[in-house]
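A closer look at the structure
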Amino acid sequence: MGYVDEVLARVREKNASEPEFLQAAEEVLESLRPVIDANEAVYRREALLERLVEPDRQFKFRVPWVDDNGQVQVNTGYRVQYNNAIGPYKGGLRLHPSVNIGIIKFLGFEQIFKNSLTGLPIGGGKGGADFDPKGKSDREVMAFCQSFMTELCKYIGADVDVPAGDIGTGAREIGYMFGQYKKIRGTYEGVLTGKGLTYGGSLVRTEATGYGLLYITEELMKCHGESMEGKTVVVSGAGNVAIYATQKAQQMGAKVVTCSDSTGWIYDPEGIDVALLKEVKEVKRARLTEYAAARGSAEYHEGRGVWQIKCDIALPCATQNELLSDDAKQLVANGCKAVCEGANMPTTIDATKYLQENGVWFIGGKAANAGGVATSALEMSQNSERLSWTFEEVDAKLKDIMVNIFHNIDNAAKKYGMEGNYVAGANIAGFEKVATAMIAQGVV
Ligand code: NDP
Ligand code: 2IT
């Protein structure tokens, strides 16, 4: 048995109850085969893969808080510090009822390679809780965030581990958490990113993941002799990533005709009205039915279904495993040319293979959604020098980073004889830097 197969077998045995983590680990290790085979003796002696798949440490803690009726509620909080070979642990906090250790581990593992691809000095980590912010008052959200940070603050710091937003964690939650960290630790430091602009946040961080997704998609199209102008784009999700992906796609001259949330989806053949979508989701925190009610051209459908709409480009921006084999078949049948992942692992392994085998250009989340964490790293830089850069400055750096990521993953795929396989290219390029740093730092 080869080294990759041996490690995969052990990973499957040890993590049998964590399907999302296994999916992420299998995707990465399978595509690293050519690199591992070329350096097997060194990596085996170093136990490099065994060290890579095992987090440095993981925390699980009780989060008690009091609801508006005076009732005590209890949630479970997590932080996984996966790998700090190239910088402090960095990664978001997910607040969603589905959160468990397997989901946080999958996200933390992905984050190692994504953060490496940005070219900036950040390691991989992730955290969150099974708390559901939906339907909670601001006071309840604050109570939860303060209790969560009361425990989390023991393990993080500007040079140690720097959390940020993810599903369910936006500017409001980051603000409450930052306030509690400052209160308990007594230091004013860049311990979180995605902060408000009046207390150390960076311009463009709000838009960064969606904008970055479009910058890399545009570069992909350009390299295939195409542009975004006049393209029909299908987007899933209606949160932070989806909203700003839609906005940038429209600025580039494309037409985005769908969005979705956890209960239904919108088909708007006139093109999504971003201002209205922002009002419904960011201000009112309401359902997409409100979008449809306010917009004559829009159809609302219950359940899932955006991938059945004919498009040139599909951008999954909601959550993991939301684009399945049948969806991939539908996209191919409809002539879709490109799929780029705004979310983390939204496409199943089978669906990814089908798209790639049928000539769809596919860029996975590690590369395509790296603009968010890259801009977080730019926020850390600004905090360190106690300065703020202009919107144009940060936006230009973000664009540069995304264009570089595209060429790095394209070249890595070519180097190992897999031209056009951007998934393998991203895993390889992300891995090589981390592996070199781990070996240089010895057995730690
Ligand atoms: P948000 O919480 O802002 O939005 C998530 C959106 O997806 C919401 O519209 C939500 O619906 C919808 N959704 C549909 N089904 C689900 C489900 N089963 N679980 C959770 N959400 C669902 O999150 P983000 O936009 O920040 O994140 C979206 C994806 O992008 C995630 O995979 C995240 O990990 C990834 N990502 C985020 C980055 C960031 O900077 N924020 C950076 C890189 C990746 P509803 O409105 O009903 O809640
Ligand atoms: O998945 C991700 O990259 C994020 N949620 C952003 C992490 C960050 O630290 O900005």
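Structure first, text after, so check above.
The present account deals with the structure reproduced in this document. (Residues numbered from 1 in each chain as written. Chains lettered and ligands numbered in written order. Predicted model: local features only at pLDDT ≥ 70, side-chain atom pairs only at ≥ 80, totals over all residues. Heavy atoms only, no water.)

Scanning the protein chain for helices and strands turns up 18 helices and 13 strands. For a compact globule of 444 residues, the expected C-alpha radius of gyration is about 22 Å, and the protein chain comes in at 21 Å, within 12% of that figure. Evaluated residue by residue, the protein chain yields a buried proportion of 57% over its 444 residues. Across the protein chain, the fraction of contacts at a sequence separation of at least 24, relative to all contacts at a separation of at least 6, is 71%. Accessible surface computed for the protein chain: about 17,300 Å², of which carbon and sulfur atoms make up 49%. (Helix = DSSP H or I, 4+ residues; strand = E, 2+ residues; numbered from the N terminus. Rg over C-alpha atoms; globule rule 2.2 N^0.38 Å. Buried < 20%, exposed > 50% of the residue type's maximum accessible area, 1.4 Å probe, protein only. Contact = heavy atoms within 4.5 Å. Areas by Shrake-Rupley, 256 points an atom, 1.4 Å probe, with all protein chains shown as cover.)

Near ligand 1 you find 25 residues, and of these Asp166, Thr209, Ser262, Arg287 and Asn344 are the closest. Between ligand 1 and aspartate 166, the relevant distance is 2.7 Å, taken from an oxygen atom to a side-chain nitrogen or oxygen of the residue. The side chain of arginine 205 places a nitrogen or oxygen atom 2.9 Å from an oxygen atom of ligand 1. Relative to its free-state accessible area of 890 Å², ligand 1 is covered by the protein chains to the extent of 84%. Here the shell around ligand 1 is built from residues that sort into 6 nonpolar, 11 polar and 8 charged. (Near = heavy atom within 4 Å. Polar contact = N/O pair within 3.5 Å; in protein donor to acceptor, adjacent residues only side chain to side chain. Nonpolar A, V, L, I, M, F, W, Y, C, P; charged D, E, K, R; others polar.)

Attention shifts here to the packing of helix α2 (residues 19–31) against helix α18 (residues 422–440). One way to put it is that α2 packs onto α18 with a least axis distance of 9 Å and a crossing angle of 90°. Between α2 and α18, the angle falls in the class roughly perpendicular. Here Glu27, Val28 and Ser31 of α2 lie close against α18, whose contacting residues are Val423, Ala424, Asn427 and Ile428. Of the residues contributing to the contact of α2 with α18, the split by class is 4 nonpolar, 2 polar and 1 charged. (Axes fitted to C-alpha atoms, helices over the stretch in contact; angles between N-to-C directions. Parallel < 35°, antiparallel > 145°, perpendicular 65-115°, else oblique.)

This next bit is on the site of ligand 2. Near ligand 2 lie 14 residues; those nearest to it are Lys90, Gln111, Lys114, Arg205 and Ser376. Lysine 90 is positioned such that a nitrogen or oxygen atom in its side chain is 2.7 Å from an oxygen atom of ligand 2. Within the side chain of serine 376, an N or O atom sits 2.6 Å from an oxygen atom of ligand 2. Protein chains shield 94% of the accessible area of ligand 2, which is 290 Å² for the free molecule. Among the secondary structure elements, those contributing two or more residues to the shell around ligand 2 are β3 (89–95), α6 (101–117) and α16 (370–385).

With that settled, consider the pattern of salt bridges. Within this structure, the stated rule accounts for 30 salt bridges. The salt bridge involving aspartate 166 is made with arginine 94; its shortest N-O contact spans 2.7 Å. Of this pair, aspartate 166 sits in the loop between β5 (161–164) and α8 (171–185) while arginine 94 sits in strand β3, placing them 72 residues apart in sequence. Residue arginine 94 is classed as buried on the basis of its relative accessible area, which comes to 4%. Ionic pairing is found between glutamate 226 and lysine 231, a salt bridge with its closest N-O pair at 3.3 Å. Here glutamate 226 falls in the partly exposed class, since its relative accessible area comes to 23%. (Salt bridge = Lys/Arg side-chain N within 4 Å of Asp/Glu carboxyl O.)

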